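Structural features, examined
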Amino acid sequence: FYIPIATANEILATATLDASAESETMKAYRARALTSRAFGYYHLINVYQYPYSAANKDLPGVPLATEETLGQNLPRATMEQVYKRITDDLDEALRIFEEIGYDDTVAAILRARVALVMEDWGKAVSLADDILAKYTLVSKENYNNGFNRIENVPSLIFGFKMTADNCQTWATWCSQMDPYMSGY
């Protein structure tokens, strides 16, 4: 996860210092990079430390590399510092996505998940309600048709439409995930 975090930090350094930092495009890059970095830290802290709790918040977590600390050898931050970085990154990403009118569903889902882990029930419910309000539940007819076509599932948040153009070779996402392809 540190490679995607490093990439996100490089994007954040550029998206902040660049002359066009206030452009919609650079703001979108910044929001996506913040979401990506939060995703990386969320998974790292869950792999290398106990679950978040008031009793565990002062335990050593993982080193926190940011755009300001590129290339430095860093000590482990506490769990509380890591979760603060995660929530700050996601809250800023959500603010930027709203400001520029981009879909914030991925960042909101991750923020809701982090709120659940941190036992911030009100925040988790609020974010989940906002997310669910954007999607129509699957009708009985479409439910019975199965989930093999993205067009049939309006409530699908994460999906990948496999076509002949994007799933032709071995070592693709499709070859690993599709049981009917002759991939892995």
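Parameters at a glance
- For every chain, the first residue of the written sequence is number 1, and numbering continues from 1 onward in sequence order.
- For a predicted model such as this one, the threshold for reporting local features is a pLDDT of at least 70, and the threshold for listing and counting side-chain atom pairs is 80 or more; totals across whole chains, interfaces and linings nevertheless cover every residue.
- To obtain the side-chain values, all non-hydrogen atoms of the structure were included, while hydrogens and water were left out.
- We count a stretch as a helix when DSSP gives it H or I for four or more residues in a row; a strand needs E for two or more, and each element gets its number in order from the N terminus.
- Categorising residues by exposure relies on relative accessible area from a 1.4 Å probe, with only protein chains included: less than 20% of the type maximum marks a residue as buried, more than 50% marks it as exposed, and the intermediate range marks it as partly exposed.
- Contacts are residue-level and defined by heavy atoms, with any inter-residue pair within 4.5 Å sufficient.
- Surface exposure here means Shrake-Rupley accessible area, sampled with a 1.4 Å probe, where a residue is shielded only by the protein chains that are shown.
- Confidence of the predictor in every single residue is expressed as pLDDT, which spans 0 to 100.
- Interaxial angle, 0 to 180 degrees, is taken between N-to-C directions of lines fitted to C-alpha atoms, where a helix line uses only the stretch in contact.
- Any angle from 65 to 115 degrees is called roughly perpendicular, while one under 35 is roughly parallel, one over 145 is roughly antiparallel, and all others are oblique.
- Handedness of each helix crossing follows the sense of rotation of the near helix against the far helix: counterclockwise by less than a right angle gives left-handed, clockwise gives right-handed.
- Following the grouping adopted for this structure description, the nonpolar residues are Ala, Val, Leu, Ile, Met, Phe, Trp, Tyr, Cys and Pro, the charged ones are Asp, Glu, Lys and Arg, and the polar ones are all others, Gly among them.
- Between Lys or Arg on one side and Asp or Glu on the other, a salt bridge is scored when a side-chain nitrogen of the former is within 4 Å of a carboxyl oxygen of the latter.
- Classification of ring pairs uses Phe, Tyr and Trp, with its six-membered ring standing for Trp, and accepts pairs whose centres are within 6.5 Å; under 30 degrees between planes counts as stacked, over 60 as edge-to-face, and the remaining range as tilted.
- Multiply 1.5 Å by the residue count of a helix minus one, and that product is the helix's expected span.
- This arc is taken over the directions from the axis of the helix to the C-beta atoms.

A short note on the overall build of the chain
- Scanning the chain from N- to C-terminus turns up seven helices and two strands.
- The proportion of buried residues among the 184 residues of the chain is 36%.
- When contacts within the chain are restricted to residue pairs at least 6 apart in sequence, long-range pairs at least 24 apart make up 48% of them.
- Working note: accessible area of the chain is about 11,500 Å², and carbon and sulfur atoms make up 56% of it.

Things to note about the confidence of the model for the chain
- Confidence along the chain averages 84 in pLDDT terms, with 84% of residues attaining 70 or more.
- Least confident of the elements in the chain is helix H7 (residues 173–177), whose mean pLDDT is 57; most confident is helix H3 (residues 79–100), at 96.

Considerations on the packing of helix H2 (residues 24–48) against H3
- Two numbers describe how H2 lies on H3: the axes approach to 8 Å, and their chain directions differ by 155°. It follows that H2 is roughly antiparallel to H3 by the angle criterion. Helix-helix and strand crossings are classified by hand; for H2 and H3 the assignment is left-handed.
- Residue composition of the contact of H2 with H3, grouped by class: 16 nonpolar, two polar and nine charged.

Examining the pattern of salt bridges
- Taken as a whole and assessed by the stated rule, the structure comprises eleven salt bridges.
- Here Asp-103 makes a salt bridge to Lys-134, at a shortest N to O gap of 3.8 Å. Residue Asp-103 is found in the loop between H3 and helix H4 (105–117), and its partner Lys-134 is found in the loop between helix H5 (121–133) and helix H6 (140–145); the two are separated by 31 residues along the sequence.
- Take Asp-103: its relative accessible area is 55%, and that puts it in the exposed class.

Some remarks on the packing of aromatic side chains
- By the definition in use, this model includes three aromatic pairs.
- Judged by centre distance (6.3 Å) and plane angle (65°), the rings of Phe-1 and Phe-39 are edge-to-face. Within this pair, whereas Phe-1 is found in the segment before helix H1 (2–17), its partner Phe-39 is found in helix H2, the two being separated by 38 residues in sequence.
- Residue class for Phe-1 comes out partly exposed when judged on its relative accessible area of 45%.
- Between Tyr-2 and Tyr-41, the aromatic rings sit 6.2 Å apart at their centres with planes inclined by 80°, giving edge-to-face as the arrangement. With Tyr-2 in helix H1 and Tyr-41 in helix H2, this pair connects stretches of sequence that are 39 residues apart.
- By relative accessible area, Tyr-2 is classed as partly exposed at 34%.

Observations regarding the packing of H4 against H5
- Packing of H4 against H5 brings their axes to within 8 Å, and their N-to-C directions diverge by 155°. When the axes of H4 and H5 are compared, the pair comes out roughly antiparallel. Along this stretch, H4 crosses H5, giving a crossing that reads as left-handed. Between H4, through Thr-105, Ala-108, Ile-109, Arg-111, Ala-112, Ala-115 and Leu-116, and H5, the contact on the second element is made entirely by Trp-121, Lys-123, Ala-124, Leu-127 and Ile-131.

Regarding H5
- Its 13 residues give H5 an end-to-end C-alpha distance of 18 Å, which sits within 8% of 18 Å, the value for a rise of 1.5 Å per residue.
- What H5 keeps buried is the set Ala-124, Leu-127 and Ile-131. Seen along its axis, H5 keeps its buried residues to an arc of 75°; they face one direction. The exposed set on the far side of H5, more than 90 degrees from its buried face, consists of Leu-132 and Ala-133.
- Taken together, the buried residues of H5 touch H3 and H4.

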